[in-house]
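Residue-level listing of the chains:
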Amino acid sequence: MNKKAFIFDLDGVIVDTAKYHFIAWQKIASQLGIEFTPEHNEELKGVSRIRSLEIILGLGNIEASQEDKNYWLTKKNEDYLSYIENMNESEILPGVRETLEFIKENNQLIALGSASKNARPILEKVKLLHFFDAIVDGNDVTNAKPDPEVFLRAAQLLKATNENSIVFEDSVAGIQAANIANMLSIGIGETKTLHEAQFCFPNFLHIDTSFIDTIIKR
């Protein structure tokens, strides 16, 4: 039996850092006179920092120089890092640790596939880093989801085929990336939003061990 590669997104799947991204982006938007709502924030899920800024500038029809963009990108990240500085294990989303433990106990492979450039420090803060056999984050890829690059690289590092790779994602772009890569896509969130996923669960508390076991043995 070939080992399976379980690839996890970070934000909104393992930890809820989306709220910190929202606060940091909202601060930038406010300074630019742009109204930035939680609904707008949904458009940034699974999207790179540069693309996120472009979306926000588009909301205000603002043209900006590269120098200004670089300043705002740096400022946003500084604010975000200050917010996540005090993260701890309490920020792990329900059921995630138990799922990781079950996968490890069954000698399967685990990777992170995230657009976040702060993935390692976050995993260290919430004490989950040791579960991961490979980490591919925003520092390692050039193409944002729905381009499957981040997942393809994760599978490659684990020496797993795409067909033996399983992706957990909370964003439409992430699910599309997994599907393009011919990997099993599992949505974490609302089925209405993540209807392109092959399976969808509200959260990891709804994923029982028998489901994971079936995937391992398929």
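Thresholds, definitions, all that
- Residues numbered from 1 in each chain as written.
- Predicted model: local features only at pLDDT ≥ 70, side-chain atom pairs only at ≥ 80, totals over all residues.
- Heavy atoms only, no water.
- 1 Å grid on protein atoms, 1.4 Å probe; cavity = no way out; pocket = protein on both sides within 12 Å on 5 of 7 lines; lining within 4 Å.
- Points joined across faces, edges and corners; volume = space filled by probe spheres on them.
- Helix = DSSP H or I, 4+ residues; strand = E, 2+ residues; numbered from the N terminus.
- Nonpolar A, V, L, I, M, F, W, Y, C, P; charged D, E, K, R; others polar.
- Phe/Tyr/Trp six-rings, centres within 6.5 Å; stacked < 30°, edge-to-face > 60°.
- Buried < 20%, exposed > 50% of the residue type's maximum accessible area, 1.4 Å probe, protein only.
- Lys NZ or Arg CZ within 6 Å of the ring centre and 35° of its normal.

Q: Lay out the layout of surface pockets with the relevant residues and their values.
A: Of the pockets and cavities examined, the largest pocket occupies roughly 690 Å³. Around the largest pocket, the lining comprises 34 residues; the ones closest to its centre are Val47, Ser48, Arg49, Ala115 and Ser116. Looking at the lining of the largest pocket element by element, the count peaks at five residues for helix α4 (residues 66-84). Looking at the lining of the largest pocket, its residues break down into 11 nonpolar, 15 polar and eight charged. By volume, the second largest pocket is sized at about 380 Å³. Lining the second largest pocket are 21 residues, and of these Glu42, Lys45, Asp170, Ile188 and Gly189 lie nearest its centre. Considered class by class, the residues forming the lining of the second largest pocket number 11 nonpolar, five polar and five charged.

Q: Tell me about the packing of aromatic side chains, residues and numbers included.
A: Across all of its chains, the model carries eight aromatic pairs by this definition. Taking the centre distance of 6.4 Å and the plane angle of 15° together, the rings of Phe6 and Phe168 count as stacked. Linking Phe6 in strand β1 (residues 5-8) with Phe168 in strand β4 (residues 165-169), this pair joins segments that are 162 residues apart in sequence. Residue class for Phe6 comes out buried when judged on its relative accessible area of 0%. Residue Phe168 is classed as buried on the basis of its relative accessible area, which comes to 0%. When the ring of Phe201 is compared with that of Phe211, the centres are 5.0 Å apart and the planes differ by 70°; the resulting orientation is edge-to-face. Placement of Phe201 in strand β6 (residues 199-201) and of Phe211 in helix α9 (residues 209-217) is noted, with a sequence separation of 10 residues between them. Of the residues examined, Phe211 reaches a relative accessible area of 16% and is grouped as buried. Of the aromatic side chains, those joined through ring pairs into one cluster are Phe6, Phe8, Phe132, Phe168 and Phe204. Above the ring of Tyr80, the side-chain terminus of Lys76 is found at 4.7 Å from the ring centroid.

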